[in-house]
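In case you want the letters, here they are:
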Amino acid sequence: MNKVYLSFLGATDYIPCTYFRENIGEVKNARFVQQAMIGLFCKDWNQEDRICIFTTNAAETKNWNDNGHVRKYASECKGLKSCIDQFNLDVDVRNISIPEGKNEKEIWEVFQIIYDCINLNDEVIFDITHAFRSIPMLAIVVLNYAKVLKKINLKGIYYGAFETLGNPAEVGNIAIERRRVPILDFTTFDQLMDWTIGIDRYIETGNSGMVSSLAMSGVQPILKATKGKDLSAATVRELSRKLNIFASTIATCRGQKIPEAASDLKNAIERSGKLGLLPPFVPIFERLKQQ
């Protein structure tokens, strides 16, 4: 399974900062958020993996290539290409031209270009920091489209929250060691969409496959790392198992087993609901419990 990092580059004269992701690490003095994310997430990638940077003509001139911005205090202004080259990664790095998205036709063109950069069974990291106008919404649509048609595995949707420091004029007056920008993980929003669809599909059809798969994909890495001792992960795994048992009992008309299977599933849902779920997930589990 190959990996791909997708990101959009703007034309702004970006200010060097330290970008950090809690519990993962930081990259200091990075002019581009892409530098930080590549440094944090792509260090062990190989020739089969890809880094795709989408640029308009202006972004390519201003920020992909060197010296796109003239600075009084520096003899050279490195572009993103040079910054990526400094990592000496054995990865396929691509600069991909896109239209500006000024109308619906161009937006559909962007959609197709992004989709064409994704291969079957890819593991995808999507950076929406500098995605202009409609792109964040477009990204969610593209990713879900690719989940169905290309069976991708979404590893992360990330956003470098530069605005937490203030506007660019203010940030320029902050000492560089104090310019710390968090990289936010928006992947949970995509997971919420998947859980909503999965539980709705289960309630409407009795097919527990998607919910079970979502539950197990979320807890398997934790169970492996803790040798099955993580209580929350074990609780969600049990929910997955009880859901499958109940669905199978209904589907095969084992009438005498239905009350027991229903009671076990209800108890598993209640235990999962006490794990400190994010607020939007609570009504979804409650709907499953009521059904």
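Residues numbered from 1 in each chain as written. Predicted model: local features only at pLDDT ≥ 70, side-chain atom pairs only at ≥ 80, totals over all residues. Heavy atoms only, no water.

Visitor: Explain the pairing of strand β8 (residues 180-185) to me, please; I cannot follow it from the model alone.
Guide: A regular strand places its side chains on the two faces of the sheet in alternate fashion. Note: strand β2 (residues 17-21) against β8, 3 bridges, orientation parallel. Considered in β8, the bridge of tyrosine 19 is made with valine 181. (Pairing = 2+ DSSP bridges. Helix = DSSP H or I, 4+ residues; strand = E, 2+ residues; numbered from the N terminus.)

Visitor: Looking at this structure, how should I read the side chain of arginine 31?
Guide: Inspection of the secondary structure assignment puts arginine 31 in the loop between β3 (25-30) and α1 (33-41). In this structure arginine 31 comes out as buried when scored by relative accessible area, which is 7%. Side chain to side chain, arginine 31 and aspartate 13 meet in a polar contact 3.2 Å long. (Buried < 20%, exposed > 50% of the residue type's maximum accessible area, 1.4 Å probe, protein only. Polar contact = N/O pair within 3.5 Å; in protein donor to acceptor, adjacent residues only side chain to side chain.)

Visitor: What exactly am I supposed to notice about the packing of aromatic side chains here?
Guide: For any pair of aromatic rings, geometry is given as the distance between the ring centres together with the angle between the planes. One pass over the full model with this rule turns up 9 aromatic pairs. Ring centres of phenylalanine 41 and tyrosine 158 lie 4.6 Å apart, and the angle between their planes is 20°; on these two criteria the pair is classed as stacked. One end of the pair, phenylalanine 41, is in helix α1; the other, tyrosine 158, is in strand β7 (residues 153-160), with 117 residues separating them in the sequence. Looking at tyrosine 158, the relative accessible area reads 7%, which means it is buried. Aromatic ring contacts, followed pair by pair, group Trp108, Phe111, Tyr115 and Tyr145 into a single cluster. One residue, lysine 150, lies across the ring of tyrosine 115, its end atom 3.9 Å from the ring centre. When the ring centre of phenylalanine 20 is taken as reference, the NZ or CZ atom of arginine 180 above it lies at 4.6 Å. (Phe/Tyr/Trp six-rings, centres within 6.5 Å; stacked < 30°, edge-to-face > 60°. Lys NZ or Arg CZ within 6 Å of the ring centre and 35° of its normal.)

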